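Okay, here's what each chain looks like letter by letter:
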Amino acid sequence: QSISRKRMFQFKLHAKFAKQSNEKFELVGWLEKKGKLGFWKPRFFRVLPHRSLTSIKKIMYYSDQTSMKCVGGFSSLQIQRVSVPNPKKLVMEVHLPMNKKFTLRAPNAESFTRWREAFESFARTMSPENIVARTALSHYLKGSLLSSFSKRLRVTEVKQGEWLCRRGQASREFGIISAGSIGIFISSRDSKHEKLLCTRGRYDFVGEDIFASAPEDSRSIQALENCVIYTLKEKDCIRLFKRHPMIAQHLRRMFHTGLLKCLESTSLFGKLNILHLAKLRLAVRFVAARANRYVYERDDPAEALFVVMDGETGMIQPVYGMIQKRFLVNESFGEVCAFLPGTTRKSSIVATRNSLLLQIDTRSLENFLAITNLSKINVLHSAAVQVLHDSDFDFFDKLSDEGLRDLVRHHCEVQVFEKDHVVFE
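The structure reproduced in this document is the subject of the present report.

Reading the values: the criteria
- Residues numbered from 1 in each chain as written.
- Predicted model: local features only at pLDDT ≥ 70, side-chain atom pairs only at ≥ 80, totals over all residues.
- Heavy atoms only, no water.
- Phe/Tyr/Trp six-rings, centres within 6.5 Å; stacked < 30°, edge-to-face > 60°.
- Helix = DSSP H or I, 4+ residues; strand = E, 2+ residues; numbered from the N terminus.
- Buried < 20%, exposed > 50% of the residue type's maximum accessible area, 1.4 Å probe, protein only.
- Lys NZ or Arg CZ within 6 Å of the ring centre and 35° of its normal.
- Patch = residues over 30% accessible without salt bridge, like charges linked within 9 Å, V, L, I, M, F, W, Y side chains within 5 Å.
- Areas by Shrake-Rupley, 256 points an atom, 1.4 Å probe, with all protein chains shown as cover.
- Salt bridge = Lys/Arg side-chain N within 4 Å of Asp/Glu carboxyl O.
- Contact = heavy atoms within 4.5 Å.
- Pairing = 2+ DSSP bridges.
- Axes fitted to C-alpha atoms, helices over the stretch in contact; angles between N-to-C directions.
- Parallel < 35°, antiparallel > 145°, perpendicular 65-115°, else oblique.
- Left-handed = near helix turned anticlockwise from the far one by under 90°.
- Nonpolar A, V, L, I, M, F, W, Y, C, P; charged D, E, K, R; others polar.
- Core = buried A, V, L, I, M, F, W, Y, C linked by side-chain atoms within 4.5 Å.
- Polar contact = N/O pair within 3.5 Å; in protein donor to acceptor, adjacent residues only side chain to side chain.

1. A look at the packing of aromatic side chains
Inference 1: Per the counting criterion, the structure on display carries 23 aromatic pairs.
Inference 2: Centre to centre, the rings of Phe 174 and Phe 211 are 5.0 Å apart; their planes meet at 55°, and the pair counts as tilted. With Phe 174 in strand E10 (residues 173–179) and Phe 211 in the loop between strand E13 (205–206) and strand E14 (220–223), the pair connects residues that are 37 residues apart, well separated along the chain.
Inference 3: For Phe 174, a relative accessible area of 0% gives the class buried.
Inference 4: Exposure remark for Phe 211: the relative accessible area of 2% places this residue in the buried category.
Inference 5: Considering the side-chain rings of Phe 211 and Phe 255, the 5.4 Å spacing of their centres and the 20° angle between planes classify their relative orientation as stacked. Of the two residues, Phe 211 is situated in the loop between E13 and E14 and Phe 255 in helix H6 (residues 245–265); the sequence distance between them amounts to 44 residues.
Inference 6: Among the aromatic residues, those joined into a cluster by ring pairs are Phe 149, Phe 174, Phe 205, Phe 211, Phe 241, Phe 255 and Phe 286.
Inference 7: The ring of Tyr 62 has Arg 46 sitting right over it, with the charged end atom 4.4 Å from the ring centre.

Rendered as structure tokens:
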């Protein structure tokens, strides 16, 4: 009886644990692991969160689905690459440091694809086609165009602290970051001392100005960690564009003409001058959102604002799950919460079509405002006008739209207060 109670307690504890795991990480399931003697043993795998770092995962495997004691495992940081020696037999190899590897076999094609893509997303290096397909370039480059672009990429390793480009130098190559992070440094008009504007990590780009007619040389780029970057040389880029004019059209639109037009057209940044927009452009990250996929969900941490560059997104009504509001090209969303550190999203946003979004995280936006000596009201001008327009004060109702805009421009400021802060007494 005591044994059965103990097993029942373990089962309930595991059920609760498995439910929490499945809610956050859908990546749980059976795989066969090849042992040292060549025999296959079934193991139940789970992808678990790190205690403190959200970007790191633990891949643990157990003898059965109800076991609470893991047989073994490894960290997502250890995965160097993933190879598929025999795709017909659904076998994959996960390579770790010190020439160690896990040979795994999936029970079916769907499970094989799901686990291979997950392991590849953690891998330090992967095939050029796979890494391009995981970036925002996949919004424009598909099929033969993606393949033609990918095969010209070369793997480059950059040591921590190494400068990829100094201020006054134009980029000579375009790069996709596969591992590590780089920092973009710029200076203000009043000081020659360069300050960190933003950081870029995995699946972000560097050296995009080779696609522009006028090279960008007002920034410095430094590796903040040891990095693996897939690079496209400028001379290879010229040959690629001659052979595939459609690729040239897409990339120039994405990184130059379309980007500038989008920033200038959105109500958030439309009032910034050309010098400010040139600096802000460096802080932009590109995000490809597939149709019917969430950009973010309600109660997610509010860490960035978004601008629709191509496609369409929609705000989900929390009760009935219907589209409450749509955001079209050049429209922004998530900007108010982005200025409130530690807050969460008040609504969910879903891509109603395949979309290309511009993302600026909170820290980069704060750095941009500090370097350019701009205030928050310069960015939240339209939001502030709308707040006054929707208020119940008769004074604001009597003002024209132009009067409200002048009032906000000359007499309003944005202040951020933490919870329990006394605004006034």
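Right, picking up where we left off after that structure.
2. Focus on a nonpolar patch on the surface
Inference 1: Where nonpolar side chains cluster on the molecular surface, the patch consists of Val 319, Tyr 320 and Met 322 and spans about 410 Å² of accessible area.
Inference 2: With respect to the secondary-structure elements, Met 322 resides in the loop between strand E19 (313–316) and strand E20 (323–327).
Inference 3: Classification of Met 322 as exposed rests on a relative accessible area of 56%.

3. Re the side chain of Ser 150
Inference 1: Looking at the secondary structure, you find Ser 150 in helix H4 (residues 144–150).
Inference 2: Those residues in contact with Ser 150 that sit more than four places away from it in its chain are Pro 128, Glu 129 and Val 132.

4. Here's the deal with the sheet that holds E20
Inference 1: In spatial order, the strands read E17-E22-E19-E20; together these four strands make up an open sheet with antiparallel pairing. At either margin of the open sheet sits one strand with a lone partner, and together these are strand E17 (294–296) and E20. Neighbour-to-neighbour, the strand axes of this sheet turn through a mean angle of 30°, independent of strand direction.

5. A closer look at the packing of helix H10 (residues 381–390) against helix H12 (residues 401–411)
Inference 1: The N-to-C vectors of H10 and H12 enclose an angle of 120°; their axes lie 9 Å apart at closest approach. With respect to each other, H10 and H12 are oriented oblique. You can see that H10 and H12 cross each other, and the crossing is right-handed. Residues His 381, Ala 384, Val 385, Leu 388 and His 389 of H10 form the contact with H12, whose participating residues are Asp 401, Leu 404, Arg 405, Leu 407, Val 408 and Arg 409.
Inference 2: Looking at the contact of H10 with H12 residue by residue, the class counts come to six nonpolar, two polar and three charged.

6. A closer look at the nonpolar core
Inference 1: Formed by 69 residues in total, the largest nonpolar core has its most connected members in Leu 137, Phe 149, Phe 174, Ile 176, Phe 269 and Phe 286.
Inference 2: With eight residues, the top contributor of residues to this core is H6.
Inference 3: Sequence-distant contacts of Phe 174, defined by excluding residues within four places in its chain, comprise Leu 137, Phe 149, Phe 205, Val 206, Gly 207, Glu 208, Ile 210, Phe 211, Tyr 230, Thr 231, Leu 232 and Phe 255.
Inference 4: Residues Leu 27, Leu 31, Val 82 and Ala 106 belong to the second largest nonpolar core, which totals 21 residues.

7. Details of the pairing of strand E7 (residues 100–105)
Inference 1: When strand E1 (residues 28–34) meets E7, the two strands line up antiparallel, connected through two bridges. Across the sheet, Glu 32 pairs through a bridge with Arg 105, a residue of E7.
Inference 2: Summarising the sheet, strand E6 (residues 91–96) and E7 pair through six bridges and their orientation is antiparallel. Across the sheet, Val 91 pairs through a bridge with Arg 105, a residue of E7.
Inference 3: The antiparallel pairing of E6 with E7 creates a hairpin that spans three residues between the two strands, and Met 98 there sits at a positive phi of about 60°.

8. Remarks on helix H8 (residues 362–372)
Inference 1: Within H8 the residues assigned to the buried category are Thr 362, Ser 364, Leu 365, Phe 368, Leu 369, Ile 371 and Thr 372.
Inference 2: Put simply, Asp 361 is the residue that caps the front of H8, since its side-chain oxygen is 3.1 Å from the backbone nitrogen of Arg 363.
Inference 3: Once H8 finishes, Asn 373 follows within two positions and takes phi at roughly 60°, a positive value.

9. So, the sheet that holds strand E16 (residues 285–289)
Inference 1: The strand order across the open sheet formed by four strands is E16-E23-E18-E21, and the pairing between neighbours is antiparallel. The sheet is open, and its two edges are formed by E16 and strand E21 (332–333), each paired on a single side.
Inference 2: Bridge count between strand E18 (residues 304–310) and E21: two bridges; the pairing is antiparallel. Paired with Phe 306 across the strands is Phe 333, a residue of E21.
Inference 3: Each of E18 and strand E23 (355–361) is contacted by H8, which is oriented at about 60° to E23, the strand it contacts most.

10. Notes on the pairing of strand E11 (residues 182–187)
Inference 1: Counted residue by residue, E11 has six buried out of six residues, so it is predominantly covered.
Inference 2: Across the two faces of E11 the burial is the same, with Ile 182, Ile 184 and Ile 186 and Gly 183, Phe 185 and Ser 187 all buried.
Inference 3: Judged from the six bridges that link them, E11 and strand E12 (residues 194–200) form a sheet pairing that is antiparallel. When the bridges of E12 are listed, Phe 185 appears paired with Leu 196.
Inference 4: Here four bridges tie E11 to E14, and the two strands are oriented antiparallel to one another. Opposite Gly 183, over in E14, you have Gln 222 as the bridge partner.

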